[in-house]
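# Structural characterization, general
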Amino acid sequence: MVTFGSVNAGKTTFIRSLSEIPPITTDAIATDHVASTKRTTTVAMDMGKLTVDEDLVLHIYGTPGQERFDFMWEMLAEHAFGYVFLVNASEPEDLLETKKIREFVLAQHPRPHVIGVTKTDLTQSCDLGEIAEGIGTDIFNLIPLDARDTGQCIDVVLALLAQVEAAAM
Ligand SMILES: Nc1nc2c(ncn2[C@@H]2O[C@H](COP(=O)(O)OP(=O)(O)O)[C@@H](O)[C@H]2O)c(=O)[nH]1
Ligand SMILES: [Mg+2]
């Protein structure tokens, strides 16, 4: 399972919340325009592990948000059974970027996926209608979550597993 989305959408946090082993992260001090939003950013990938049941152990990967790392998106997408796209509700400027990331990944390796919406708790956040329109999907495809909350992250994984099951039928 691979998590995609723009910088600061909550991808690394999502994996940290889900993983039962200390996640392996590749955050480095941000040196480009990202430095104005956060101190460190993912440069290669995040890795975690989640045991759903005795027959299903998920390896969860997070990608860097910047487009110049799109070769990592491609590599991780290729072997994934499904994707979680995360979109930051508090950054309207990120909607177009999220739309492009999703289109890029699905064009290369179409897979079952879900779209999680983070940061809806922040006062300046867009509503779900604006987000659906901005990234070019239907509102019922969006799952609001706080990436810091393990229970809410698990609900997103379960929604993805339901999509995977539906696609297999
Ligand atoms: N308020 C709020 N903060 C969040 C939420 N999800 C993630 N964050 C915070 O957003 C920041 C950036 O998250 P990070 O996982 O580094 O984003 P990434 O660039 O996508 O890997 C962290 O400080 C998280 O704690 C949320 O739903 N609400
Ligand atoms: Mg990250």
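Above this text is the structure in question.
Treat the numbers as computed from the prediction; the structure is a model and nothing was measured.

## Remarks on the site of ligand 1
Looking at ligand 1, there are 18 residues lining it, with Gly 10, Lys 11, Thr 12, Thr 13 and Ala 147 nearest. A per-element tally of the shell around ligand 1 places helix α1 (residues 11-18) first, with three residues. For the shell around ligand 1, the class distribution of residues is four nonpolar, nine polar and five charged.

## Things to note about the pairing of strand β6 (residues 83-88)
Of all the six residues making up β6, six are buried; the element is thus mostly covered by neighbouring parts of the structure. The side-chain alternation of β6 yields two buried faces, one formed by Tyr 83, Phe 85 and Val 87 and the other by Val 84, Leu 86 and Asn 88. Pairing geometry for strand β1 (residues 2-4) and β6, over three bridges, is parallel. Counterpart to Val 2 in the pairing with β6 is Tyr 83. Of the strand pairs in this sheet, β6 and strand β7 (residues 113-118) are connected by six bridges, and their pairing is parallel.

## Some words on the sheet that holds strand β5 (residues 56-62)
One open sheet accounts for six strands, arranged β4-β5-β1-β6-β7-β8; its pairing is mixed. At either end of the open sheet lies a strand with only one pairing partner, and these are β4 (46-53) and β8 (142-144). For this sheet the average axis-to-axis angle between neighbouring strands, irrespective of direction, equals 30°.

## Points about the packing of helix α2 (residues 70-78) against helix α3 (residues 94-108)
Running from N to C, α2 and α3 point in directions that differ by 45°, and their axes come no closer than 10 Å. The orientation of α2 with respect to α3, classified from their angle, is oblique. When the axes of α2 and α3 are compared, the crossing they make is right-handed. Residue-level contacts link Asp 70, Trp 73, Glu 74 and Ala 77 of α2 to Phe 104, Val 105 and Gln 108 of α3. For the contact of α2 with α3, the residue count by class is four nonpolar, one polar and two charged.

## Considering α3
Helix length check: α3 (15 residues) gives 21 Å between terminal C-alpha atoms against 21 Å at 1.5 Å per residue, within 8%. In this structure, the buried side of α3 is in contact with β1, α2, β6 and α4 (128-135).

Reading the values: the criteria
Residues numbered from 1 in each chain as written. Chains lettered and ligands numbered in written order. Predicted model: local features only at pLDDT ≥ 70, side-chain atom pairs only at ≥ 80, totals over all residues. Near = placed C-beta within 6 Å. Helix = DSSP H or I, 4+ residues; strand = E, 2+ residues; numbered from the N terminus. Nonpolar A, V, L, I, M, F, W, Y, C, P; charged D, E, K, R; others polar. Buried ≥ 20, exposed ≤ 12 C-beta atoms within 10 Å, placed from the backbone. Pairing = 2+ DSSP bridges. Axes fitted to C-alpha atoms, helices over the stretch in contact; angles between N-to-C directions. Parallel < 35°, antiparallel > 145°, perpendicular 65-115°, else oblique. Left-handed = near helix turned anticlockwise from the far one by under 90°. Contact = placed C-beta atoms within 7 Å. Expected span 1.5 Å × (residues − 1).

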